[in-house]
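Close look at the chain arrangement
Each chain, written out:
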Amino acid sequence: MSAPLDELRARPTLTVTEAAQLLGIGRNTAYSAVQRGDLPSLRIGGRVLIPTARLLALLEGGDR
């Protein structure tokens, strides 16, 4: 069980689609959460990426 989590932690960022799948929400819902600032993100060029460490901290309750 820890191997997939270790692999996830090794990645610096996720796409919005990957983060949505991890969260169990739809892609459009995830993009809306990014626009509202509910989901941590960064923009590089035209891409929106989700910092993995910040997402995991949010899920663990560290970003309250």
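To keep things clear, this report deals only with the structure shown in the data block. Note that the structure is predicted; figures quoted are calculated from it, not measured. (Residues numbered from 1 in each chain as written. Predicted model: local features only at pLDDT ≥ 70, side-chain atom pairs only at ≥ 80, totals over all residues. Heavy atoms only, no water.)

Here's the deal with the environment of Ile50
Basically, it comes down to this: In DSSP terms, a helix is any run of H or I states spanning at least four residues, a strand is any run of E spanning at least two, and both are numbered starting from the N terminus. Note on contacts: a residue pair qualifies if any of its non-hydrogen atoms lie within 4.5 Å across the two residues.
In this structure, Ile50 sits in strand E3 (residues 47-51). Taking the C-alpha atoms as reference points, Ile50 and Ala19, 31 residues apart in sequence, are found 7.1 Å from one another. Beyond its immediate chain neighbours, meaning those up to four positions away, Ile50 contacts Pro12, Thr13, Leu14, Thr15, Val16, Ala19, Val34, Leu39, Pro40, Ser41 and Leu55.

Overview of helix H4 (residues 52-59)
Structurally, the α-helix is built with 3.6 residues per turn, so residues lying three or four positions apart point the same way. Applicable threshold: Exposure classes here rest on a 1.4 Å probe applied to the protein chains alone. A residue is buried below 20% of its type maximum, exposed above 50%, and partly exposed in between. Throughout, the arc means that of the directions going from the helix axis to the C-beta atoms.
Of the positions making up H4, those classed as buried are Thr52, Leu55 and Leu56. What you see down the axis of H4 is that its buried residues fit within an arc of 95°, all on one side. Phi turns positive, to about 85°, at Gly61, one or two residues after H4.

Structural notes on the pattern of salt bridges
To be explicit about the condition: The term salt bridge refers to a pairing of a side-chain nitrogen on Lys or Arg with a carboxyl oxygen on Asp or Glu at a separation within 4 Å.
Taken as a whole and assessed by the stated rule, the structure comprises three salt bridges. Between Arg9 and Glu60 there is a salt bridge, and its shortest N-O distance comes to 3.3 Å. Of this pair, Arg9 sits in helix H1 (residues 2-10) while Glu60 sits in the segment after H4; the two residues are 51 residues apart in sequence, bridging distant segments of the chain. Judged by its relative accessible area of 60%, Glu60 falls in the exposed class. The salt bridge involving Arg36 is made with Asp38; its shortest N-O contact spans 2.7 Å. Relative accessible area serves as the criterion here: at 45%, Asp38 is assigned to the partly exposed category.

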